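# Coordinate inspection notes
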Amino acid sequence: MKRHPLRHWRPATSTPSVCSERQPIDRMQIQGKELESPPTDTKSKLLDAAARLFASQGYIGASVRKLVAEGDVDHGSVRYHFGGKHGLFQAVLENRFGALCASRDAALDAVLSQESHTLTDLLTAYLRPTIAFLTDPLEGRTNGQLLARSALEQEHFRPIVAPFYGDQFEHFLAAFGALVDGPTREELTFRFQCLHGLTTAAFSHSRPAAAEARLMPDHLEQRLIRMAEMILRMGPESAPAF
């Protein structure tokens, strides 16, 4: 199964993850002398600031001027470290969504490696890393806003996040299909997409569920799993027609 590197965000739980190797120091040539690049702390500050701004204001609303002001860094840092605004945007999404997908991949691998598993096991492998992503004490709010914007601003988000979601979506869909009788592949795909949307909505920080998620994540996880099982298992006679 394809792995996705973790670069920046780490889930607060002990979910297995895949870590990338330490990257060598960037260097630049100035007047024929090789100098070390500025401290990587500047890069981290930019990534954190950009994540907050892209989450709250979207790709268009987060100008380079706002990004450097939020990160309290030099204006040239964006181009130096990321090549420009779009490169920074891509790095933010790869850091955040790459970490989420890597955690889900590891959880799904663990379930499928067992001699037998249930639909609850599969849904836990999908939902538990998602809950960790959305309830992280420091980054949960930003992660949730980014996840919501990935659906609202697909023209900017989709080209970057699609490679992370594509294979993973197919792997989970195949695992669900092996345990759920009745719905066609098209119908099961629709239900899985609904599950993804409901999960994002449940963790909206403008709703009471957000407080419950932070205070009692296990309780909300159980509620979401029960709801997801109902959605995936409902027969064609009980599914609403559109």
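Predicted, not measured: the structure shown is a model, and the values here were computed from it.

## Quick word on the side chain of Arg191
Relative to the helices and strands, Arg191 is located in helix α8 (residues 185-202). Arg191 sits in the buried class, given a relative accessible area of 3%. Only 2.7 Å separates the side chain of Arg191 from the backbone oxygen of Met234, close enough to count as a polar contact.

## Concerning the packing of aromatic side chains
Within this structure, the stated rule accounts for twelve aromatic pairs. Here the aromatic rings of Phe172 and Phe176 are separated by 6.1 Å at their centres, their planes lie at 45 degrees, and the arrangement is tilted. Placement of the pair is Phe172 and Phe176 together in helix α7 (residues 154-179), with a separation of four residues, close to one helical turn. A single burial state applies to Phe172 and to Phe176, both of which are buried. An aromatic cluster is defined as three or more aromatic residues linked by ring pairs; in this entry it consists of Tyr126, Phe169, Phe172, Phe176 and Phe192. Here Lys85 stacks its cationic end above the ring of Tyr59, 4.4 Å away from the centre of that ring.

## A word on the packing of helix α4 (residues 85-112) against helix α5 (residues 119-135)
Between α4 and α5, the shortest axis-to-axis distance is 9 Å and the interhelical angle comes to 155 degrees. Relative to α5, the element α4 lies roughly antiparallel. α5 is crossed by α4, and the crossing has right-handed handedness. Contacts from Arg96, Leu100, Ser103, Arg104, Ala107, Leu108, Val111 and Leu112 of α4 reach α5 at Asp121, Leu122, Ala125, Tyr126, Pro129, Thr130 and Phe133. Among the residues forming the contact of α4 with α5, the class breakdown is ten nonpolar, two polar and three charged.

## Quick notes on unusual backbone geometry
One non-glycine residue with positive phi stands out, namely Asp72, at about 55 degrees. Take Asp72: it is sitting in the loop between α2 (64-71) and α3 (77-82). Of the residues examined, Asp72 reaches a relative accessible area of 62% and is grouped as exposed.

## A word on the confidence of the model for the protein
Mean pLDDT for the protein: 79, with 74% of residues reaching 70 or above. Mean pLDDT across the elements of the protein bottoms out in strand β1 (residues 27-30) (33) and peaks in α4 (94). Scored below 50 in pLDDT, residues 1-39 shows 71 contacts in the model against residues more than four places distant or in partner chains.

## As for the pattern of salt bridges
For the structure on display, the rule yields six salt bridges. Salt-bridge contacts for Arg185 lead to Glu170; the nearest nitrogen and oxygen are separated by 2.6 Å. Of this pair, Arg185 sits in helix α8 while Glu170 sits in helix α7, and the two are 15 residues apart along the sequence. Residue Arg185 is classed as exposed on the basis of its relative accessible area, which comes to 52%. Look at Glu170 and you get partly exposed, because its relative accessible area is 37%.

## What to know about α2
Looking at α2, one finds that the buried residues are Leu67, Val68 and Gly71. Buried residues in α2, looked at end-on, bunch into an arc of 90 degrees, giving them a common side. In α2, the exposed positions angled more than 90 degrees off the buried face are occupied by Arg65 and Ala69. One or two steps after α2, the chain reaches Asp72, where phi turns positive at roughly 55 degrees.

## Some details on the side chain of Asp136
Looking at the secondary structure, you find Asp136 in the loop between α5 and α6 (140-152). The buried charged residue Asp136 lacks any salt bridge, with Arg96 as its nearest oppositely charged partner at 6.9 Å. Within the structure, Asp136 has its side chain in polar contact with the backbone nitrogen of Leu138 (distance 3.1 Å).

Criteria and cut-off values
Residues numbered from 1 in each chain as written. Predicted model: local features only at pLDDT ≥ 70, side-chain atom pairs only at ≥ 80, totals over all residues. Heavy atoms only, no water. Helix = DSSP H or I, 4+ residues; strand = E, 2+ residues; numbered from the N terminus. Buried < 20%, exposed > 50% of the residue type's maximum accessible area, 1.4 Å probe, protein only. Polar contact = N/O pair within 3.5 Å; in protein donor to acceptor, adjacent residues only side chain to side chain. Phe/Tyr/Trp six-rings, centres within 6.5 Å; stacked < 30°, edge-to-face > 60°. Lys NZ or Arg CZ within 6 Å of the ring centre and 35° of its normal. Axes fitted to C-alpha atoms, helices over the stretch in contact; angles between N-to-C directions. Parallel < 35°, antiparallel > 145°, perpendicular 65-115°, else oblique. Left-handed = near helix turned anticlockwise from the far one by under 90°. Contact = heavy atoms within 4.5 Å. Nonpolar A, V, L, I, M, F, W, Y, C, P; charged D, E, K, R; others polar. pLDDT = per-residue confidence, 0-100. Salt bridge = Lys/Arg side-chain N within 4 Å of Asp/Glu carboxyl O. Arc of directions from axis to C-beta. Lys, Arg positive; Asp, Glu negative; His and termini not counted.

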